[in-house]
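Remarks on the overall topology
Spelled out, the chains give:
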Amino acid sequence: MTKNYTIKDITDRVKKNKRWPDTRLIQRAYNYASQKHEGQTRKSGEPYIIHPTNVAYTIAELGLDEKTICAALLHDVVEDTEVTYEDIKKEFGEEIAEMVDGVTKLKMLQHTTIEENQVENYRKMFLAMGKDIRVIIIKLADRLHNMRTLEFLKRDRQIAIAKETMQLYAPLANRLGLYSLKWELEDLGFKYLHPEEYGELIKGIEQKREERLKFIEKIMADIRVQLKKQHLDAEVTGRAKHLYSIYRKMQRDNKTLDQIYDLFALRIIVNSVKDCYAALGVVHEMYNPMPGRFKDYIAVPKTNMYQSIHTTLLGEKGTPFEVQIRTWDMHRIAEYGIAAHWAYKEANYGSRKGQKVVSVQEDKLAWLRETLEWQQEMQDPQEFLETLKTELFEDEVYVFTPKGAIKVLPRGATPIDFAYSIHAEIGNHMVGAKINSKMVPIITPIKNGDIVEIITSDNSKGPSMDWLKFVKSTTAKNRIQQWFKKENKTENIEKGKEAIERELKRIGVAYANLFKTEYIEPMLERYNYKNLDEMYAAVGFGAMTATKIIARMLIEYRKEHKEEPIEEKIEELSTLKANKTKPSSSGIVVKGIDNCLVKLSKCCNPLPGDEIIGYITRGRGVSVHRKDCVNVNELLKEENRIIEVHWYNQEKVTYTVEIEISANDRNGLLADIVQKINDSKAKLLGVNAKATKERIAITDVTLETDSLESLNKIIRELRKIDSVYDVSRKK
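Predicted model, so just to flag it, every value in this text is computed and none were measured.

Definitions and cut-offs
- Residues numbered from 1 in each chain as written.
- Predicted model: local features only at pLDDT ≥ 70, side-chain atom pairs only at ≥ 80, totals over all residues.
- Heavy atoms only, no water.
- Salt bridge = Lys/Arg side-chain N within 4 Å of Asp/Glu carboxyl O.
- Helix = DSSP H or I, 4+ residues; strand = E, 2+ residues; numbered from the N terminus.
- Buried < 20%, exposed > 50% of the residue type's maximum accessible area, 1.4 Å probe, protein only.
- Contact = heavy atoms within 4.5 Å.
- Pairing = 2+ DSSP bridges.
- Axes fitted to C-alpha atoms, helices over the stretch in contact; angles between N-to-C directions.
- Core = buried A, V, L, I, M, F, W, Y, C linked by side-chain atoms within 4.5 Å.
- pLDDT = per-residue confidence, 0-100.
- Left-handed = near helix turned anticlockwise from the far one by under 90°.
- Nonpolar A, V, L, I, M, F, W, Y, C, P; charged D, E, K, R; others polar.
- Phe/Tyr/Trp six-rings, centres within 6.5 Å; stacked < 30°, edge-to-face > 60°.
- Patch = residues over 30% accessible without salt bridge, like charges linked within 9 Å, V, L, I, M, F, W, Y side chains within 5 Å.
- Areas by Shrake-Rupley, 256 points an atom, 1.4 Å probe, with all protein chains shown as cover.
- Lys, Arg positive; Asp, Glu negative; His and termini not counted.
- Charge placed at Lys NZ, Arg CZ, Asp CG, Glu CD.
- Polar contact = N/O pair within 3.5 Å; in protein donor to acceptor, adjacent residues only side chain to side chain.
- Disulfide = S-S within 2.5 Å.
- Parallel < 35°, antiparallel > 145°, perpendicular 65-115°, else oblique.

Under the criterion given, the structure shown has 17 salt bridges. The closest approach of N and O atoms between Glu95 and Arg134, which form a salt bridge, is 2.8 Å. Taken as a pair, Glu95 in helix H7 (residues 94-107) and Arg134 in helix H9 (residues 134-148) lie far apart in primary sequence, 39 residues in all. Ionic pairing is found between Lys139 and Asp142, a salt bridge with its closest N-O pair at 3.6 Å. Linking Lys139 with Asp142, this pair stays in helix H9, spanning 3 residues, or about one helical turn. Taking the relative accessible area as the measure of exposure, Lys139 reaches 7% and is therefore buried. Judged by its relative accessible area of 2%, Asp142 falls in the buried class.

Bringing the environment of Ile59 into the picture now. Positionally, Ile59 belongs in helix H3 (residues 50-61). For Ile59, a relative accessible area of 0% translates into the label buried. The sequence separation of Ile59 and Ile137 amounts to 78 residues, and the corresponding C-alpha distance is 7.7 Å. When near neighbours in sequence (up to four residues on either side) are disregarded, Ile59 contacts Leu64, Thr68, Ile69, Ala72, Ile137, Ile138 and Ala141.

As summarised here, the arrangement of the 5 strands in space is E1-E2-E5-E4-E3, forming an open sheet in which the pairing is mixed. On the outer flanks of this sheet lie strand E1 (235-240) and strand E3 (288-296), each paired with one strand and no other. Across the sheet, the axes of successive neighbouring strands diverge by a mean angle of 20°, strand direction being ignored. In terms of strand pairing, E1 meets strand E2 (residues 264-270) through 6 bridges, oriented antiparallel. The residue bridging Arg239 from the neighbouring strand is Ala265, located in E2.

What follows is about the nonpolar core. Counting residues in hydrophobic clusters, the biggest one holds 57 residues, and the most contacted among them are Ile10, Ile69, Leu74, Ile88, Ile96 and Leu140. The greatest single-element share of this core, amounting to 8 residues, is contributed by H9. Beyond its immediate stretch of four places on either side in the chain, Leu140 contacts Tyr169, Leu172, Ala173, Leu176, Leu178, Leu181 and Leu185. Judged by nonpolar contacts, the second largest core, of 36 residues, contains Met166, Val236, Leu280 and Ile325.

As a further point, take the confidence of the model for the protein chain. Residues of the protein chain with pLDDT of at least 70 account for 80%, and the chain-wide mean is 79. pLDDT under 50 marks residues 343-364. Its contacts with residues more than four places away, or in other chains, come to 51 contacts. Note that residues 563-581 has pLDDT below 50 and, in this model, 32 contacts with residues that lie over four places away or in other chains.

Ordered in space as E12-E14-E13-E15, the 4 strands form an open sheet in which the pairing is mixed. The sheet terminates laterally at strand E12 (598-600) and strand E15 (642-643), the two strands that pair on one side only. Pairing of strand E13 (residues 612-616) with E15 involves 2 bridges; the strand directions are antiparallel. Pairing of Gly614 across the sheet is with Ile643, part of E15.

Relative to each other, H9 and helix H11 (residues 179-193) sit at 35°, their axes nearing to 10 Å. Along this stretch, H9 crosses H11, giving a crossing that reads as left-handed. For the pair H9 and H11, contact is made by Leu140, Ala141, Arg143, Leu144, Met147 and Arg148 and by Leu181, Glu184, Leu185, Leu188, Gly189 and Tyr192, respectively. Here the contact of H9 with H11 is built from residues that sort into 8 nonpolar, 1 polar and 3 charged.

To continue, consider the environment of Asp12. With respect to the element layout, Asp12 can be found in helix H1 (residues 7-17). Asp12 sits in the partly exposed class, given a relative accessible area of 30%. Note: C-alpha distance between Asp12 and Ala60 (48 residues apart in sequence) is 9.4 Å.

Counted by the stated rule, this structure contains 13 aromatic pairs. On the numbers, 6.4 Å between centres and 35° between planes, the contact of Tyr244 with Tyr247 is tilted. Taken together, the positions of Tyr244 and Tyr247, both in helix H14 (residues 243-253) and 3 residues apart, correspond to about one turn of that helix. Using a relative accessible area of 17% as the deciding quantity, one classes Tyr244 as buried. An angle of 90° between the planes, with centres 5.2 Å apart, marks the rings of Tyr287 and Phe321 as edge-to-face. Of this pair, Tyr287 sits in the loop between helix H15 (273-286) and E3 while Phe321 is found in strand E5 (residues 320-327), placing the two residues 34 residues apart along the sequence. Pair check on accessibility: Tyr287 and Phe321 agree, each one buried. In this structure an aromatic cluster arises from ring pairing among Tyr179, Trp183, Tyr297 and Tyr306.

Turning our attention to a negative patch on the surface. A surface patch of negative charge is lined by Glu518, Glu521, Glu525 and Glu560. By the secondary structure assignment, Glu525 is in helix H25 (residues 517-526). Using a relative accessible area of 64% as the deciding quantity, one classes Glu525 as exposed.

For the rest of this paragraph, the subject is the side chain of Arg143. Mapping Arg143 onto the fold places it in helix H9. When neighbours within four sequence positions are excluded, Arg143 is seen to be in contact with Ile161, Glu164, Thr165, Tyr169 and Leu185.

For the rest of this paragraph, the subject is the side chain of His331. Considering the arrangement of structural elements, one finds His331 in helix H16 (residues 328-336). Take His331: its relative accessible area is 13%, and that puts it in the buried class. Here the side chain of His331 touches Arg326 through a polar contact of 3.1 Å, side chain to side chain.

Within this structure, the stated rule accounts for 0 disulfides. Left unpaired, Cys604 is separated from the closest cysteine sulfur, that of Cys629, by 3.8 Å. For Cys604, a relative accessible area of 4% corresponds to the buried category. No disulfide involves Cys629; its sulfur sits 3.5 Å from the nearest other cysteine sulfur, which is in Cys603.

At their nearest, the axes of helix H10 (residues 155-175) and H11 sit 9 Å apart, and the two run at 155° to each other. Classified by the angle their axes make, H10 and H11 are roughly antiparallel. H10 and H11 meet at a crossing whose hand is left-handed. In this structure, H10 contributes Arg155, Gln158, Ile159, Ala162, Lys163, Thr165, Met166, Tyr169, Ala170, Ala173 and Asn174 to the contact, and H11 contributes Tyr179, Leu181, Lys182, Leu185, Glu186, Gly189, Phe190, Tyr192 and Leu193. The residue inventory of the contact of H10 with H11, partitioned by class, reads 12 nonpolar, 4 polar and 4 charged.

What follows is about the pairing of strand E8 (residues 430-435). Two elements, E8 and strand E10 (residues 452-456), share 5 bridges in a ladder whose sense is antiparallel. Opposite Lys434, over in E10, you have Glu453 as the bridge partner. As defined by bridge partners, E8 adjoins strand E9 (residues 438-440) across 3 bridges and the pair is classed as antiparallel. If you follow Ile435 over to E9, its bridge partner there is Lys438. Counting the residues between successive antiparallel strands, the hairpin from E8 to E9 contains 2 residues, one of them, Asn436, with a positive phi of roughly 55°.

Right under this line is the structure:
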């Protein structure tokens, strides 16, 4: 059962972090939140105030300031009660109100598709981080308590929330160096996504717990003795590795729990960097290190500020165990990451330290500043999502300039990425590269520790479009694209116009009907274009597709036009005069002939209501074609074989027809299409669906219907499906 913390727990914790905390402000925020949430309960049936209190305790545990703790206590009042931003500002000041507003906005996003909702959430988060990173820390603490109490939700919600936690919140905690949050978020996500494996792992670890504890305690005792002999003041502790990291290792290396020995890690904490390396020498003298398992994050820190020396050693009987060596300052940052910048920690770390507010301009947060820059240039949600996955979730490589400065790039990056990470002009004038003093192709992947030198020339013609296939960093992609946009703007505008006109012609919509101010403005706003020329240039350049632009405008167009003009013209053809002449089995009346053999041609599949003509074949009766059939011109050359035919309206006959459905691709689209057809009582004969690289879904459907009127009704219903922008009958 999860422990519920109280306001006393929070104030007690704050007093440990700071000598003279403003506990009265925290108490006032608690009283305010408690009053406003009065009568509200959680899914567990407990009073709602328990949730913000637990979130605030996590914030206090991380060592953040009193105002952040107050914002955590108040983080749900604007969303769940009648309280407004102005009320919070009046009661607690602008700084707290801004943080509460930031957390509230993250919860209030509504978008048209699941995919866009995901992307916009990511965008909003990064914007919030840019303004005040404490907003994200509150959000992470909020998610942590929700994960701790996930048992009270239905299974489908548990899975959805756990997936989102593993994909977004745990990596964000990692990026901010909040390892204590990251580990628990991952373990809780693991528990709900893989309950069987989680249970088996806990059971397996518990069975050999005593044996492993004895093993690790003996090693700790031996190391303490040797460190003391070398006059090193050090604290040696042991901890069990968190469950998800063990599970991931078992999956990665295809091992059972019995084959994984380093379930415990030793930690040696010393007073200086010099002592770190001295302690490393002691443990390496005592135990043999495993080759390839040594990492020095002190010399080359991680982007989230983490520093430690990691080494894996072989104990008795060759059993491996991991040792982490760090200073007290490094330990504080390892536990609390970016939150350590707000912490005072005087009780544990000696002299009083001044509070330091972190802005996104600090070099240690360069990754965040870059993210804020490039997210503003992304118009296409899908492109943003793909870029974010690359930037946020993949490993980095650490490389050096010839002068020894460290550059951090995505794994798989090339010298092109390196050049653009220095400056756009270096990349634009690049003609060659050296890695470790050797000339290499500029698309060579860079490895950790490489020294990269860029060769430039004033005579360079600029980057190549082919470079976009090889670069991994967002900075390089954006700067290459900006160069081409600037160089070829006029040409791109013309290409874009042509692409738009071609697409309009394909779907049978007149340019003048669609390109009106009331349809253009929502499209420009949706994709962040200043004017039509900027949109045309983007289409011409390939940053946006004509299909997506037109699809967005058709949404506005259809709000005013319930029926398509083309469809109305087709429907006019469905009223034909009845004829008392006996029809054929196909429902066709041939003028002047009864019981004639009649066949509907497969080249155009005519339906009742279509304008048709008859053609007298040699020995196979009358072949019936639509008047707009591609083969009609050839048939009309033999006028003596043309015969008048029309539909017999009083006979129910079924006809085969093919239609094409164009839509923005999404999950569940095909199921919605099939459901609409089944609801219409038409018989579905076949479906062929495919998606283009622009994520446009083209679905060809073959069905049986009894008339053009029925078909038009089906087409109208299909057009109502979310994401569908065009439904047409195949000729």
